Amino acid sequence: MISSPSAPAQSHALAIRSVSMSYGAENVLNDISVDLAPGQVLGLLGPSGCGKTTLLRLISGLLLPDAGEIEIAGGKVAVPEAGIALPPEKRGLGMVFQDYALWPHMSVARNVAFPLQMKRVGAAECKERVAKALDRVGLGAMAERRPSDLSGGQQQRVAIARAIVAEPPLVLFDEPLSNLDRELRETMVEEIADLVAELNLSAVYVTHDHSEALTLSDHVAVMRGGRIEQTASPHDLVNHPATSAVADFLRLGCLMPVARVADGWTIEGTGLVLPEGAFEGAQAQVLLPEKALRLGASGPSTLKTTVVRAQTRSTGQALTLRVTGTPHLIRLSSSSPVKAGDMLDLSFSPEDLRWFPISDQPT
Ligand SMILES: Nc1ncnc2c1ncn2[C@@H]1O[C@H](COP(=O)(O)OP(=O)(O)OP(=O)(O)O)[C@@H](O)[C@H]1O
């Protein structure tokens with residue numbers, strides 16, 4: 001039996017349980033589980049090839065999982081074991097793609113009206129709702145234009161208006177800003193954040209850009225090699241990365257191997273001794289979070305570094321420093337002028353370090 005995604009009991013906008021999926025012999029998603037509460041945004045973040053798009057296609061119904069269960073707004077939409085496989089058009093989702101996917105021969109208004117026409121909404125109500133959706137994205141005056149007469153950013157706003165016009169239970173964003181230049185991306189990420197908050201939308205937002213994911217999401221699932229490495233709020237991800245791969249992907253700071261010595265641990269190659277870490281074994285790795293580092297030798301622990309690059313930015317200088325005695329690079333902002341070749345001391349408090357097993361290597 002197939003259940004409707006608009007069933008009444010809605011404890012989740014989206015629930016994914018132990019979903020796996022292969023392309024032929026290649027297993028691309030492994031035991032994925034995700035819960036999304038109504039009115040929340042889940043960011044799916046990860047490097048190219050980690051399985052983000054495949055997971056989004058499973059949610060949309062363009063692909064079916066090999067195992068597991070997907071529920072949207074309280075209704076089961078894909079359960080292979082029970083023969084449940086709701087097609088995309090029956091899932092009632094709003095979708096925004098990287099390439100806008102607008103119909104070039106239709107006006108902006110007709111593009112936006114399409115989901116309402118599919119639901120057989122009457123002409124007068126349709127006109128009103130299209131006008132409202134276009135106003136929300138700032139395109140009220142452009143209803144009669146063709147998509148080709150709009151800029152990339154405006155075309156993506158049309159696609160967003162189309163995705164929200166039917167007030168779907170879930171909106172899927174698939175790297176919607178990657179075709180836009182950086183300045184426009186920064187503006188539009190704020191606009192989308194405002195829109196989802198204002199309309200209390202439930203959404204899944206796929207991106208490989210961590211600042212987009214952290215800005216927009218209530219929770220972020222960081223994917224790696226077909227698995228979810230960690231799901232957490234942006235604050236917890238940044239402050240408590242579960243693995244070194246998450247820390248590395250989010251570029252939270254410098255990861256360095258440490259080895260046990262008689263009186264504690266030492267950062268290999270530096271001679272710097274750290275107090276006891278809460279770790280078994282002879283080896284581990286530590287994350288030196290960028291935000292825990294201070295220029296100068298004032299802190300409890302000090303590393304010697306050499307400036308490899310000093311690049312001017314509007315906010316000061318972006319420094320790349322090599323930790324003396326190691327190949328490890330630290331990136332840091334500074335307001336005091338320095339140049340390549342300068343030697344700098346960097347201070348930190350050992351309690352700000354994050355410890356990970358040595359086996360947990362980022363790839
Ligand atoms: N149609 C397909 N047939 C075979 N393998 C595929 C197919 N589509 C994707 N893959 C493989 O599945 C894995 C996951 O791909 P997917 O597109 O989901 O990753 P992604 O995280 O979205 O990457 P990107 O950010 O580059 O879009 C990759 O190894 C990819 O090569």
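Just so we're clear, the structure is a prediction, and the values are computed from it rather than from any experiment.

(A) Summary view of the overall build of the protein chain. Summing up its helical and strand segments, the protein chain has nine helices and 21 strands in all. When its C-alpha atoms are laid out on the principal axes, the protein chain stretches across 75 × 50 × 35 Å. Looking at the protein chain residue by residue over its 363 residues, the buried ones come to 39%. Across the protein chain, the fraction of contacts at a sequence separation of at least 24, relative to all contacts at a separation of at least 6, is 65%.

(B) Just the pairing of strand 11 (residues 227-232), in detail. Where strand 10 (residues 219-224) lies against strand 11, five bridges are found, and the strand directions are antiparallel. Paired with Met223 across the two strands is Ile228, which belongs to strand 11. Where strand 10 folds back onto strand 11 in an antiparallel hairpin, the turn is made up of two residues, including Gly225, whose phi is positive at roughly 55°.

(C) Region of interest: the sheet that holds strand 17 (residues 301-313). One open sheet holds the five strands; their spatial order is 16-20-17-18-19, and the pairing between them is antiparallel. The open sheet has two free edges, formed respectively by strand 16 (294-295) and strand 19 (329-334), since each of these has just one partner strand. Examined bridge by bridge, strand 18 (residues 316-323) and strand 19 share six bridges and lie antiparallel to one another. By the bridge assignment, Thr320 is partnered in strand 19 with Arg331.

(D) View of the UniProt feature "domain: ABC transporter" (unreviewed entry) in the protein chain. UniProt's entry tags residues 14-250 with the feature "domain: ABC transporter" (unreviewed entry), counted in the numbering of this structure. Taken end to end, residues 14-250 has its terminal C-alpha atoms 25 Å apart, with 37% of it in helix and 27% in strand.

Quick notes on the rules
Residues numbered from 1 in each chain as written. Predicted model: local features only at pLDDT ≥ 70, side-chain atom pairs only at ≥ 80, totals over all residues. Helix = DSSP H or I, 4+ residues; strand = E, 2+ residues; numbered from the N terminus. Buried ≥ 20, exposed ≤ 12 C-beta atoms within 10 Å, placed from the backbone. Contact = placed C-beta atoms within 7 Å. Pairing = 2+ DSSP bridges. UniProt positions renumbered as here; feature names shortened; annotations may be inferred.

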